[in-house]
Amino acid sequence: MSPDEYTALEKNLLEFIVTWGQKRTARGAARLVVELVFEQAVDTVTFSLSNVLRMPYKALKATIKIPYKVNKVNSYTMPGQDKPYKAIYAMLGKKLRQLGFDLITAPVPGAIKFAVGGG
């Protein structure tokens, strides 16, 4: 193989690699755009569906956990002593504020809650 043939072969190989890379980059960019659009469309549909299920779930969970916490506070009282109403009211206020915050932030996507620090 002569040096001129070798140079021509190397040049053809280099051109092939460059065109292959350009096609690959364009195809990858187009694929990324299509995937992101599809993912956004699916997220929009599942987002509203998950919100419909998430809010009642949080409320149902709170209706079980809050009375359990009140019972737990009551169980620490000695027989013959008054119930710790101040502690019960403080705990109820805290739990109801948490429930309200959870119900308000339930429709917000998880990535935004993570970025803000609310979830």
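Criteria and cut-off values
Residues numbered from 1 in each chain as written. Predicted model: local features only at pLDDT ≥ 70, side-chain atom pairs only at ≥ 80, totals over all residues. Heavy atoms only, no water. Helix = DSSP H or I, 4+ residues; strand = E, 2+ residues; numbered from the N terminus. Buried < 20%, exposed > 50% of the residue type's maximum accessible area, 1.4 Å probe, protein only. Contact = heavy atoms within 4.5 Å. Areas by Shrake-Rupley, 256 points an atom, 1.4 Å probe, with all protein chains shown as cover. Salt bridge = Lys/Arg side-chain N within 4 Å of Asp/Glu carboxyl O. Expected span 1.5 Å × (residues − 1). Arc of directions from axis to C-beta. pLDDT = per-residue confidence, 0-100.

1. A few points about the overall build of the chain
When helices and strands are tallied, the chain shows three helices and zero strands. Moving toward the C terminus, one meets the helices and strands of the chain in the order α-α-α. Counting across all 119 residues of the chain, residues that qualify as buried make up 10%. Looking at the chain alone, contacts between residues at least 24 apart form 55% of all its contacts between residues at least 6 apart. If you sum the accessible surface of the chain, you get close to 10,000 Å²; carbon and sulfur atoms cover 68% of it.

2. Some points on the pattern of salt bridges
Tallying each qualifying case throughout the model produces one salt bridge. For E35, the salt bridge goes to R31, with nearest N and O atoms at 3.2 Å. Of the two residues, E35 and R31 both sit in helix α1 (residues 3-74), four residues apart, roughly one turn of that helix.

3. Some words on helix α2 (residues 85-105)
Look at α2: 30 Å from first C-alpha to last across 21 residues, which is about the 30 Å you get at 1.5 Å a residue. Restricting attention to buried positions, one finds in α2 the residues I88, M91, L99 and T105. Down the axis of α2, the sector holding all buried residues measures 135 degrees, keeping them to one side. Away from its buried face, by an angle of more than 90 degrees, α2 presents the exposed residues K86, Y89, R97 and I104.

4. Re the environment of K65
Note that K65 resides in helix α1. Note on K65: relative accessible area 46%, which makes it partly exposed. Each C-alpha atom of the pair K65 and K95 lies 9.2 Å from the other, and the pair is 30 residues apart in sequence.

5. Quick notes on the environment of M1
Secondary-structure assignment places M1 in the segment before α1. Assessed through its relative accessible area of 72%, M1 is described here as exposed. Each residue touching M1, except ones within four places of it in the same chain, is listed here: Y6 and L9.

6. Digging into the confidence of the model for the chain
For the chain, per-residue confidence averages 79 on the pLDDT scale, and residues scoring 70 or more make up 83% of the total. Of all helices and strands in the chain, the one with the weakest mean pLDDT is helix α3 (residues 110-116) (67), whereas α2 scores best (87).

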